[in-house]
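Descriptive analysis of the structure
Next come the chains, spelled out residue by residue.
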Amino acid sequence: MNGLDHSILTLVTFAPAAGAVLLLFAPRRDREIRVFALLVSLFTFVLSLHLPAHFHRDQAGFQFDQNTPWIPTPNIHYHMGMDGISLWLVVLTTFLTPLCVLISWKSIHERVKEFFILLLVLETALIGVFVALDLFLFYFFWEATLIPMALLIGMYGHGRRVYAAIKFFLYTMVASVFMLAGILWLYANTSPHTFDFVDIQKAIAGGQVPGFVGAAQWLFLGFFIAFAVKVPLFPFHTWLPDAHVEAPTAGSALLAGVLLKMGTYGMLRFNLGLFPEQSRANASWIVALALIGIVYGALVAMVQPNMKKLIAYSSISHLGFVVLGIFSFTQAGLNGAMFVMLAHGVSTGGLFMLAGILYERRHTYEISEFGGLATPMPAYSTFFLFVVLASVGLPLLNGFIGEFLVLSGAFQAKPWWGVVAATGVIWSACYLLWMYQRVFFGVVKHAENNSLPDLTMRERAALWPAVIMALVMGVAPLWWLNTIDPAVRNVLLPFAQLAAKVVSR
């Protein structure tokens, strides 16, 4: 391992935070602040490309490992590492952030410096969640995402933004307390005391954690509640539509694109990684909630008069596919779940950016205020159609392969799971294409829409990367799956051993 490999995770994680600190001392010249934030986010993205370029795709364990003692008492380490599960989530975060900077160029007029500081701090916290291997460090980054996101919603959102920000903060913070209790229990009962995920996982697997058998179900639920609220899994979803509708465009794009994936990542890394037996025992009711979320989210999306709320409910439906894939305990299901997480981040992030562009021109998300926009805005309507088709799951675009693999895994586990989930694919086509028809087709219904300007060069620069990525992921999914698969196999090893025990009995 060369020097850069050893420190690359620290550099990628804290480069945005370093940029935010420099912005604190910058004079309030809005244009220079925007340019600097864009340069910092682009630098972070370029730096993060070192990770897939030097990642050993055939290895299942953690790479770019950095483990340094941090606080002696309690025994907390600065332990960061990455496998195929976390690799692409980090790159997704660094990929979306510069697009969010571009899309916010003209829409943020007041407290511009504070906005971009919050955006860069949020990027650091999100990356930290995916690479932290010390449970205390993980929890620190997990909670650190709440403050900048709540402030972005409350300071720069629309309408009932303060209500939405407080609701988001309270839901996720209260749920996280259950996870904190589980983390502290594991620390207290592991000998020697440690927060290290790898050491705790080995101690649990070796039966070296006293009292674990009796506490395992409660520990599993403590972690699961925190992750389920973050996803959000039905019925913990009620904070999401408010947060999305009131958030600024960049906040919505990062919230849907990355923040929600913290929950599904947590389930995959910690629920399955630390509690395989409890994951198997609780799978039936978790899958039931995921299936309800798939259908419920789609049906509620279909009747939404507000474009942004429709996209928000579509996220509930799509993230239901991810939870279904995770708890199918099949290789296809877990690979598909990871791919859906990435594809959803690109396509739904794109949808929120497109909705934000329209809001800048008309200051409304109401679908009834539009109609016939393909005439005055042909380029915008083309981009919108492409991203809608990617989100629907058109073959050769990024939404298809992940849902296909999840459904394959669901059918392998229990055929009726696959049957119910497959209806979600049909519903998603219904609500997204119907929304597109009402907004873009037909005659222009409102005179003010006739003079709407089409996409600017800056807006095209923000949208083209998302569109290209949606196409590349659909055409060449093995670039991602070849890296994800060894880590997924590693996660599934304890479940294969559990199945072997059952057969031997």
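Look up: the structure comes first, before these words.
Overview of the structure.

Parameters at a glance
- Residues numbered from 1 in each chain as written.
- Predicted model: local features only at pLDDT ≥ 70, side-chain atom pairs only at ≥ 80, totals over all residues.
- Heavy atoms only, no water.
- Helix = DSSP H or I, 4+ residues; strand = E, 2+ residues; numbered from the N terminus.
- Rg over C-alpha atoms; globule rule 2.2 N^0.38 Å.
- Contact = heavy atoms within 4.5 Å.
- Areas by Shrake-Rupley, 256 points an atom, 1.4 Å probe, with all protein chains shown as cover.
- Phe/Tyr/Trp six-rings, centres within 6.5 Å; stacked < 30°, edge-to-face > 60°.
- Buried < 20%, exposed > 50% of the residue type's maximum accessible area, 1.4 Å probe, protein only.
- Lys NZ or Arg CZ within 6 Å of the ring centre and 35° of its normal.
- 1 Å grid on protein atoms, 1.4 Å probe; cavity = no way out; pocket = protein on both sides within 12 Å on 5 of 7 lines; lining within 4 Å.
- Points joined across faces, edges and corners; volume = space filled by probe spheres on them.
- Nonpolar A, V, L, I, M, F, W, Y, C, P; charged D, E, K, R; others polar.
- Salt bridge = Lys/Arg side-chain N within 4 Å of Asp/Glu carboxyl O.
- Lys, Arg positive; Asp, Glu negative; His and termini not counted.
- Core = buried A, V, L, I, M, F, W, Y, C linked by side-chain atoms within 4.5 Å.
- Axes fitted to C-alpha atoms, helices over the stretch in contact; angles between N-to-C directions.
- Parallel < 35°, antiparallel > 145°, perpendicular 65-115°, else oblique.
- Left-handed = near helix turned anticlockwise from the far one by under 90°.
- Pairing = 2+ DSSP bridges.

**Description of the overall build of the protein**
Counting its secondary structure elements, the protein contains 21 helices and two strands. A compact globule built from 505 residues would reach a C-alpha radius of gyration of about 23 Å, and the protein, at 22 Å, matches this within 12%. Seen through its principal axes, the protein has C-alpha atoms that stretch 70 × 55 × 40 Å. Sequence-distant contacts, at least 24 apart, represent 81% of the contacts inside the protein between residues at least 6 apart. When the accessible area of the protein is evaluated, it comes to approximately 18400 Å², of which 69% is carbon and sulfur surface.

**Things to note about the packing of aromatic side chains**
Scanning the model with the defined rule gives 40 aromatic pairs in all. Each ring, one from Phe-115 and one from Tyr-156, has its centre 5.1 Å from the other, and the planes form 80°; the classification is edge-to-face. You can see Phe-115 sitting in helix H5 (residues 112–131) and its partner Tyr-156 sitting in helix H7 (residues 146–156), a full 41 residues away along the chain. In terms of burial, Phe-115 and Tyr-156 fall into one category: buried. When the ring of Phe-400 is compared with that of Phe-404, the centres are 5.8 Å apart and the planes differ by 25°; the resulting orientation is stacked. Remark: Phe-404 and Phe-400 occur in helix H18 (residues 398–413); sequence separation between them is four residues, near one turn of the helix. Between Arg-111 and the ring centre of Tyr-156, over which it is positioned, the NZ or CZ distance is 5.6 Å. Arg-438 extends its terminal NZ or CZ atom over the ring of Trp-434, reaching a point 3.7 Å from the ring centre.

**Details of the layout of surface pockets**
Of the pockets and cavities examined, the largest pocket occupies roughly 800 Å³. In terms of lining residues, the largest pocket is bounded by 33 residues, among which Gln-201, Ala-205, Gly-273, Pro-276 and Pro-494 are the most central. Residue assignment for the lining of the largest pocket shows that the elements contributing at least two residues are helix H9 (197–205), helix H10 (212–230), helix H13 (261–274), helix H14 (276–302) and helix H21 (478–504). When residues of the lining of the largest pocket are assigned to their parent elements, the largest contribution, eight residues, is made by H21. Each residue belonging to the lining of the largest pocket can be placed in one class, and the counts come to 21 nonpolar, seven polar and five charged.

**Focus on the pattern of salt bridges**
Inspection of the entire model under this criterion finds nine salt bridges. Glu-114 is the partner of Arg-28 in a salt bridge, and the nearest nitrogen-oxygen pair spans 2.4 Å. Here the residue Arg-28 occupies a position in the loop between helix H1 (3–24) and helix H2 (30–48), and Glu-114 occupies one in helix H5, the gap between them amounting to 86 residues. For Arg-28, a relative accessible area of 53% corresponds to the exposed category. A salt bridge links Arg-489 to Asp-485; the nearest nitrogen and oxygen atoms lie 2.8 Å apart. Remark: Asp-485 and Arg-489 occur in helix H21; sequence separation between them is four residues, near one turn of the helix.

**Some thoughts on empty space enclosed by the protein**
Throughout the structure, instances matching the rule amount to one cavity of 30 Å³ or more. Taken together, His-318, Val-340, Ala-343, His-344, Ser-347, Thr-348, Ala-390, Ser-391, Asn-398, Gly-399, Gly-402 and Glu-403 form the lining of the largest cavity. Among the elements that take part in the lining of the largest cavity, helix H16 (residues 331–362) stands out by supplying five residues, more than any other. Partitioned by chemical class, the residues of the lining of the largest cavity number three nonpolar, eight polar and one charged.

**Describing the side chain of Asp-196**
Locating Asp-196 in the fold gives a position in the loop between helix H8 (161–189) and H9. For the buried residue Asp-196, which engages in no salt bridge, the nearest side chain bearing the opposite charge is Lys-202, 7.6 Å off. Non-local contacts of Asp-196, meaning those with residues more than four positions away in its chain, are made with Asn-67, His-79, Leu-133 and Asp-134.

**Details of the nonpolar core**
Ranked by internal contacts, the top residues of the largest apolar core, which has 193 residues, are Phe-168, Leu-186, Met-307, Leu-324, Phe-327 and Phe-384. The element best represented in this core is H16, accounting for 18 residues. If near-sequence neighbours (up to four positions away) are discounted, Phe-168 is found in contact with Leu-146, Met-149, Ala-150, Ile-153, Trp-239, Ala-243, Leu-255 and Leu-259.

**Here we look at the packing of helix H4 (residues 84–103) against helix H12 (residues 249–259)**
What describes two packed helices is the angle between their axes and the distance between those same axes. Contact geometry of H4 with H12 gives a least axis separation of 9 Å together with a crossing angle of 165°. Judged by the inter-axis angle, H4 sits roughly antiparallel to H12. The interaxial crossing formed by H4 with H12 has right-handed handedness. Residues Leu-92, Thr-93, Leu-96, Thr-97, Cys-100 and Ile-103 of H4 form the contact with H12, whose own contacting residues are Thr-249, Ala-250, Ala-253, Leu-254, Gly-257 and Val-258.

**Focus: the pairing of strand S1 (residues 63–71)**
Pairing analysis gives six bridges linking S1 to strand S2 (residues 76–82), with the strands arranged antiparallel. Residue pairing for S2: Thr-68 is matched across the bridge by Tyr-78. If you look at the hairpin formed by S1 and S2, you'll find four residues sitting between the two strands.

The quantities given are spatial measurements derived from coordinates; they are silent on function.
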